Amino acid sequence: RKEVEQDPGPFNVPEGATVAFNCTYSNSASQSFFWYRQDCRKEPKLLMSVYSSGNEDGRFTAQLNRASQYISLLIRDSKLSDSATYLCVVNLAGAQKLVFGQGTRLTINP
Amino acid sequence: DTAVSQTPKYLVTQMGNDKSIKCEQNLGHDTMYWYKQDSKKFLKIMFSYNNKELIINETVPNRFSPKSPDKAHLNLHINSLELGDSAVYFCASSRGWMGNEKLFFGSGTQLSVL
């Protein structure tokens, strides 16, 4: 089983829609979780950290389910500018590193 | 001011050559990294340094040699370049070294080996 797994997509959704994607992780001892955003030919940038109780940042909501070992990202009222690849990132407990998922490619259509 | 800067942005070279990529961060972070993103877009850690000390060395051919002259700089030298080395290489930094803090990335170096 891969350390971090995401559905690569692509997800194509109309502007204004709500879209959600999950990411599963294999190491039950992982403590730190993030969502990064990567635009085409650019570097990854932190979108948001994921906290145990779930957290929201504007139109974005992140949740953690420790029992099932997955994190999720929900985007409400999607904008054209949300088109990007979303990377799930999990720390590998004991190995002092963050592991990236393959990324989920999202395209918002007008 | 760019927080994490790496040069060059593009590097096109012949097989067998030796090349270097430089990275500098002005965030005052203690830890720096090299990541490789291949054609399938997987982003994988290669090395991490904390305050000039090597922390992580993933299974990377020894043709790749990182060097950290101080905690603000981490360079990557690659000997005898091979076709399979073609990828985008990202430098990154973080405040701590435990592997649980957010990363700040440079804009990447696209390496093409012909």
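Residues numbered from 1 in each chain as written. Chains lettered and ligands numbered in written order. Predicted model: local features only at pLDDT ≥ 70, side-chain atom pairs only at ≥ 80, totals over all residues. Heavy atoms only, no water.

1. Some words on the overall build of chain A
On a plain count of helices and strands, chain A comes out with 0 helices and 11 strands. Starting at the N terminus, the α and β elements of chain A follow one another as β-β-β-β-β-β-β-β-β-β-β. Here chain A has a C-alpha radius of gyration of 13 Å; the compact-globule value for 110 residues is 13 Å, and the two agree. When the backbone C-alpha atoms are referred to their principal axes, chain A occupies close to 45 × 30 × 20 Å. Put simply, chain A has 110 residues, and 45% of those count as buried. Here the analysis covers contacts within chain A between residues at least 6 apart in sequence; of these, 57% occur between residues at least 24 apart. Put simply, chain A shows about 5300 Å² of open surface, and 46% of that area lies on carbon and sulfur atoms. Here chain A contributes 12 positively and 10 negatively charged side chains, and the mean placements of these two sets differ by 4 Å. (Helix = DSSP H or I, 4+ residues; strand = E, 2+ residues; numbered from the N terminus. Rg over C-alpha atoms; globule rule 2.2 N^0.38 Å. Buried < 20%, exposed > 50% of the residue type's maximum accessible area, 1.4 Å probe, protein only. Contact = heavy atoms within 4.5 Å. Areas by Shrake-Rupley, 256 points an atom, 1.4 Å probe, with all protein chains shown as cover. Lys, Arg positive; Asp, Glu negative; His and termini not counted. Charge placed at Lys NZ, Arg CZ, Asp CG, Glu CD.)

2. Describing the pattern of salt bridges
Applying the stated criterion to the full structure yields 9 salt bridges over all chains. Between A:R37 and A:D39 there is a salt bridge; the shortest N-O distance is 2.8 Å. For A:D39, a relative accessible area of 31% puts it in the partly exposed group. Close ionic contact of B:R63 with B:E82 constitutes a salt bridge, the shortest N to O distance being 3.5 Å. (Salt bridge = Lys/Arg side-chain N within 4 Å of Asp/Glu carboxyl O.)

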